Amino acid sequence: SIIVLDFGSQYTQLIARRLREERIYCEIVPYFTKVEEITAKNPKGIILSGGPASVYDEDAYEVDKAIYDLGLPVMGICYGMQRIAVDFGGSVIRSDHHEYGKAELYINEEHGNVSPLFESCENGRIVWMSHSDRVDVLPEGFAPIAYSDNSPFAAIANEEKRVYAMQYHPEVQHSEEGYLMLRNFARKICGVTEKWDMGHFLKEQIAKIKEQVGEGKVLCGLSGGVDSSVVAALLYEAIGDQLIPVFVDNGLLRKGEREQVEEVFKVNLKVPLVVADASELFLERLAGVTDPETKRKTIGHTFIEVFEAEAKKHSGIKFLAQGTLYPDVIESVSVKGPSETIKSHHNVGGLPDWMDFELIEPLRELFKDEVRKLGRELGLPESMINRHPFPGPGLAIRIMGDVNKPDLNLLREADVILLDELKASGYYTRTWQAFAVLLNVKSVGVMGDNRTYDNTVCVRVVEAVDGMTATFAHLPHDLLERISRRIINEVDGINRVVYDISSKPPATIEWE
Ligand code: XMP
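Every value quoted in this text rests on a predicted model; they were computed, and no experiment measured them. (Residues numbered from 1 in each chain as written. Predicted model: local features only at pLDDT ≥ 70, side-chain atom pairs only at ≥ 80, totals over all residues. Heavy atoms only, no water.)

### Concerning the packing of helix α1 (residues 12-21) against helix α4 (residues 178-189)
Part 1 of the argument: It is at 10 Å that the axes of α1 and α4 come closest, and there the two elements cross at 75°. Of the possible angle classes, the one that applies to α1 and α4 is roughly perpendicular. Listed contacts from α4 to Ile15, Arg18 and Leu19 of α1 are Tyr179, Leu182 and Ala186.
Part 2 of the argument: Residue composition of the contact of α1 with α4, grouped by class: five nonpolar, no polar and one charged. (Axes fitted to C-alpha atoms, helices over the stretch in contact; angles between N-to-C directions. Helix = DSSP H or I, 4+ residues; strand = E, 2+ residues; numbered from the N terminus. Parallel < 35°, antiparallel > 145°, perpendicular 65-115°, else oblique. Contact = heavy atoms within 4.5 Å. Nonpolar A, V, L, I, M, F, W, Y, C, P; charged D, E, K, R; others polar.)

Okay, structure coming up:
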């Protein structure tokens, strides 16, 4: 494997991700990890990540210098490069030209030799720079192996000692051949031959969870979405009945949703799901509530109450499992050490004090597409793997004004037609989210020879990468027409359908 020493760069996880894509196993550990701990992992090479600090800062992060004497190949990226330069006796200065963004990389061919780091790489390809310090004097035994317009030492190496360093970030998507350099480092220079995949990740996580949990019990809240389902399936593989997977039916779900979740858990995953049916309670609490924020708060509090009551039925719960993904982990994981756990605990939001469980977050190193791969590995059906996100407060924030049973049913019928048509036309998998909103606006219509005065439904379909920004989907007009016609014909009580053509920002995806 390859060990990545993390100096706190926002890109550290991307190094791991790129290596995983190349089917190379790697592990990220904090920069201060002792050399004995590193050798215990039996690595074939070490990568020093980037980081926000300067090597000349008073308390600049340092490595256990014994790593340089292991005879293993070492590669530094950005801060990692400067670390290597200084540790081997060179020097670093604050650069006059800060270099952020694209640069063209040119490979030095000394005596006709190209560094094995650049095997199969082309000249003039884009790499991504982001630094204000740069190497000034090369350490003894090092030579430049690539340069850019602003960086004579864009990459340096001591080929004999197999120590490499680069100023740019090969791990980011914008560095066109960065993945090749990471692959060359691992395969050609370190000699990693094993082909790693998600199946291995699964096995490792299972072993890790078993060790962490011991005889304790783990509570896991399920939303029916991909992330929490993958967590539950994974935990069940690892610890079986020590897992208590709780699905709260808040009565605000889409048509057939609870049944689908129950079916997947029973048939595909064979995980015994605890379903807490609290739909009546939620509806009682929501009666007469029209303000969006009050709705959200009411739902949040009620959820905790139900979840707590369910937890109290079991003794010996020590852990809470969550589907936190890497993008949710805002800051670097490992540099901060144990304090990180406290922070993500707040993400759970308002759990009572006695539920001060230890967190288990087996997906926190992964990106969404990797979670989907893991889900497939665990036997989740495609229907669940490709599901659109669905908000915790459910349909309540898609009914303008008061939430009640008849309106929920009306919305459910319109919503299921929309999803049906999107799936049939292939647009479901091409869009981020699609749903209907009940507007609480009545308008006049004519059906047959009769005047109608009925409800309006708004159809919202958006394209997004992460939900932070979004554009409305440019659906073909004939598809919109079919959706509108079916909703009006098939849902009694709706006589008008409108399409939301706002983007985010300034609108949000949800209406409340
Ligand atoms: P907005 O409406 O803020 O939504 O543009 C962005 C994304 O977040 C989802 N969303 C939620 N998800 N609990 C959730 O789990 C919530 O309270 C919540 N509110 C919004 C929304 O569906 C969209 O994907």
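Read on for the rest.
### With respect to the packing of aromatic side chains
Part 1 of the argument: All told, the structure shown has 12 aromatic pairs when counted by the stated rule.
Part 2 of the argument: Between Tyr106 and Tyr147, the ring centres sit 5.7 Å apart and the planes meet at 25°, which makes this aromatic pair stacked. One end of the pair, Tyr106, is in strand β5 (residues 91-107); the other, Tyr147, is in strand β7 (residues 143-147), with 41 residues separating them in the sequence.
Part 3 of the argument: Since its relative accessible area comes to 26%, Tyr106 is described here as partly exposed.
Part 4 of the argument: One aromatic cluster is present, built from ring pairs that chain together Phe7, Tyr31, Phe32, Tyr61 and Tyr79.
Part 5 of the argument: Taking NZ or CZ as reference, Arg17 lies 4.7 Å from the ring centre of Phe367, over its face.
Part 6 of the argument: Here the basic side chain of Arg398 rests over the ring of Phe435, its NZ or CZ set 3.8 Å away from the ring centre. (Phe/Tyr/Trp six-rings, centres within 6.5 Å; stacked < 30°, edge-to-face > 60°. Buried < 20%, exposed > 50% of the residue type's maximum accessible area, 1.4 Å probe, protein only. Lys NZ or Arg CZ within 6 Å of the ring centre and 35° of its normal.)

### Some points on the site of the ligand
Part 1 of the argument: Contacts to the ligand come from Arg296, Pro391, Gly392, Pro393, Trp432, Gln433, Gly467, Lys504, Thr508, Ile509 and Glu510.
Part 2 of the argument: In the model, an oxygen atom of the ligand is placed 2.7 Å from a nitrogen or oxygen of the Gln433 side chain.
Part 3 of the argument: Within the backbone of Ile509, an N or O atom sits 2.7 Å from an oxygen atom of the ligand.
Part 4 of the argument: Relative to its unbound accessible area of 490 Å², the ligand is 67% covered by the protein chains. (Near = heavy atom within 4 Å. Polar contact = N/O pair within 3.5 Å; in protein donor to acceptor, adjacent residues only side chain to side chain. Areas by Shrake-Rupley, 256 points an atom, 1.4 Å probe, with all protein chains shown as cover.)

### Comments concerning the sheet that holds strand β14 (residues 358-360)
Part 1 of the argument: Judged by pairing direction, the sheet is parallel, and its five strands sit side by side in the order β12-β11-β10-β13-β14 without closing on themselves. This sheet does not close on itself; its edge strands, each paired only once, are β12 (274-277) and β14. Strand after strand, the sheet turns through a mean of 30° between neighbouring axes, direction not considered.
Part 2 of the argument: By the bridge criterion, four bridges tie strand β10 (residues 217-222) to strand β13 (residues 317-321) in an arrangement that is parallel. Paired with Cys220 across the two strands is Ala321, which belongs to β13. (Pairing = 2+ DSSP bridges.)

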